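Now for the letters of each chain:
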Amino acid sequence: MDSPFAPHRFRILLVEDDPAWQHLIVEGLAEQGIDVQTVGSAARAIESLDAAFPAAVLVDAFLPEGNGFDACARLRGHMGDRAIPIVVLAGQDNEASIERAFESGASDFFVKSLQWKLLAQRLSQLVATARLRSEIVSSRRRLDRAKGLAARASQTAREARDLAWRDALTGWLSRTGFLKLAQGLLDDSQVSGEQRAALLLIDLDRFKRLNDSLGTDAGDETLCEVANRLQRAFRNLPGLAMGRLASDEFAILFQSLPTGRAAERAAQIALTALRRPIDCGGLEFVQSASIGIALTRIPCGIESMMVKAGQALSGAKLAGGNTARTFVGTLGSSDRDRFDLENALHQALDRDELRLHYQPIIDPATHRLAGLEALMRWQHDDRLLYPDEFIPLAEETSLIFRMGEWAVGEALRQTSRWREAGLMVPTVSVNIHVRHLEQPELAEAVSKALESTGLDSSTLELELTETGVMRDIKRSLGSLHGLKQLGVRLALDDFGTGYSSLAYLTQLPIDTLKIDRSFIDQLGENGQSRAVVRSITALAQALGLSTVAEGVETRSQLDSLRALGCNEVQGYLFARPMPADDLPQWWSGFQGMVPGPVSARGGKPPGFVARGNFPILPMADSSPLGAIYV
Ligand code: C2E
Ligand code: MG
Ligand code: MG
């Protein structure tokens, strides 16, 4: 399927009494990767709804017992707050039928035809949006329960409405209205864990050209269509502010998304909605857009988020448009916040506030534990901060050196503790900033940590980003060779994003290429990503290097990577990064789920015995762990 965010194979319920159409739809959609369960009436659909858990429902508008619109309304009523999209299938697209379908609770309307690709795309988009919506709704519910502040948010929304800060053309909030509502939502937001507030700044590509060539009426019509599509894509989401900021610039603020990735998916949903051709007075054209995303876990000023999203947007435009970019860096509401944060970070090491979480790296052929990546967290007051909130700040000062040395020491000490307890962790990888390479203290700290733990030097792998290393390749080369003499392993992180020169790559004393998550994300849906991964694995093989794929989230990505000959995989499909104390339990659960004999590299260790009766839950493909073995 073409859609960049289409979920992997999913199942829908078809309510259709005509056996010929039943057959055609089942066959047609199967070819597009969609499984179809058929029932002949609304009553049967309601019966099987609870048992089947379909990702979407297709309803024929003309059913024997009354019509399909009533069936749609009954199904919607039965679903309650379950976000399952319903698409009404009708013989023709007259306006009355379309209106009736939406009044009956349908999410979309489709004219019966043999255009399976189109129908499959429409279904995929609806399913992806519904999943995002239900993630947001449940994350939002948790938030509301914790705070009971939903009322305040809606009061702010009412205030903004009452003040009539509306854009006359689209009916969206104007810039002033948006800023007010968005700031209200941010003030009330109290996200925790991986939740974040997200701002999407959406700018139409080459809109001026359209205005100049087709005239301002066509331009206005396009802007209204863009607003409608975005509205439809995200309608009814709680904690949302939408505004038209300037001529062709729109903004959407999500008060709380479950993860930063959800914001990227929301951006993909918006981009795909906009990519469909626009019909303007009989003339069809495509109006693409670029999106900048800013994320925050800290309550902060909307203006500061706008600046960051604006920078990310410039990146998206520079990349050629029709794409989304996320701002990477710290988000404080003001210089003062930043100053405070910097001071606190200075004290974090002395106060023992830094933590390492560990994410397993797995050999996909044998399901052995190949290693762990240590990822830094900061326990700051009562919040656990993630690297994107403090590493960029640390990188601007010499703090990043002390932090890196601490991480090497702590990761090796922890590995030694695990091994003493019987868990054979083969390697541990620590992320090091490229500037640190030039500091003689790094090699000293590495040698000292290896000596005091008695671990073999090849237990430690240091990860350096490809972009960092390539920025000043001549300097990097010398330092990397120096480190290599200690016997540690070296990895190029986020590989594929940094335009490596092949000539230099052959000279670098590295052992591993970690393929950037952005390529893995689009495997299966995007032929280019597949080609990139194939080239990287072939290149690595030719140079005698090992490959690790980052960010593996679905079973189908895993299958593709296995087929492409990737050596190791890492991602939420297996485990999220976890505190050291949680690893033994994860490990025994993982062994219990893997068919056949499995052990950490180096043999099954005593004390970590497989649990034969570990429950294998029938989960959806996109859900971690369960997806591997259903
Ligand atoms: P990285 O080294 O590329 O680390 C992988 C990041 O991807 C981690 O985010 C991890 O949680 C996330 N990840 C892993 N699997 C998945 C997946 O299946 N899906 C998704 N969506 N994400 C996945 P995290 O922990 O937030 O770290 C972000 C970055 O911060 C790291 O990227 C690394 O560049 C930097 N970092 C982390 N710890 C340290 C450190 O100790 N020192 C330095 N200098 N940088 C660090
Ligand atoms: Mg890394
Ligand atoms: Mg990486």
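These figures come from a predicted structure and were not determined experimentally. (Residues numbered from 1 in each chain as written. Chains lettered and ligands numbered in written order. Predicted model: local features only at pLDDT ≥ 70, side-chain atom pairs only at ≥ 80, totals over all residues. Heavy atoms only, no water.)

Glancing now at the coordination of the magnesium ion (ligand 3). Coordination sphere of the magnesium ion (ligand 3), protein contribution only: Asp493 (OD), Asp494 (OD), Glu550 (OE) and Glu550 (OE), at 2.0 to 2.5 Å. Written as a sequence motif, the donor arrangement for the magnesium ion (ligand 3) is D-D-x55-E. Distance-wise, the magnesium ion (ligand 2) is placed 4.0 Å from the magnesium ion (ligand 3), both being coordinated by Asp493. Take Asp493: its relative accessible area is 7%, and that puts it in the buried class. (Donors = N, O, S within 2.8 Å, 3.2 Å for Na, K, Ca; no water. Buried < 20%, exposed > 50% of the residue type's maximum accessible area, 1.4 Å probe, protein only.)

With that out of the way, let us pick up a negative patch on the surface. Taken together, the side chains of Asp217, Asp220, Glu221, Asp279 and Glu284 present a region of like negative charge at the surface. Broken down by element, the residue count for the negative patch peaks at three residues, all from helix 9 (residues 216-234). Structurally, the position occupied by Glu284 is in strand 10 (residues 283-285). Using a relative accessible area of 55% as the deciding quantity, one classes Glu284 as exposed. (Patch = residues over 30% accessible without salt bridge, like charges linked within 9 Å, V, L, I, M, F, W, Y side chains within 5 Å. Areas by Shrake-Rupley, 256 points an atom, 1.4 Å probe, with all protein chains shown as cover. Salt bridge = Lys/Arg side-chain N within 4 Å of Asp/Glu carboxyl O. Lys, Arg positive; Asp, Glu negative; His and termini not counted. Charge placed at Lys NZ, Arg CZ, Asp CG, Glu CD. Helix = DSSP H or I, 4+ residues; strand = E, 2+ residues; numbered from the N terminus.)

Looking now at the pairing of strand 18 (residues 489-495). Looking along a regular strand, one sees the side chains alternate between the two faces of the sheet. Summarising burial for strand 18: five of the seven residues are buried, a large majority. In this sheet, strand 18 lies alongside strand 17 (residues 460-465) in parallel orientation, the contact comprising five bridges. The partner of Glu463 across the bridge, within strand 18, is Ala491. Judged from the three bridges that link them, strand 18 and strand 19 (residues 512-515) form a sheet pairing that is parallel. Looking at the pairing, Leu492 lines up with Leu513 of strand 19. (Pairing = 2+ DSSP bridges.)

Within the protein, residue pLDDT values average 82, and 85% of them lie at 70 or more. Under a pLDDT of 50 for its full length, residues 1-6 has, in the predicted model, 25 contacts with residues more than four places off or in other chains. Counting interchain partners and residues more than four positions distant, the pLDDT-below-50 stretch residues 595-630 has 80 contacts. (pLDDT = per-residue confidence, 0-100. Contact = heavy atoms within 4.5 Å.)

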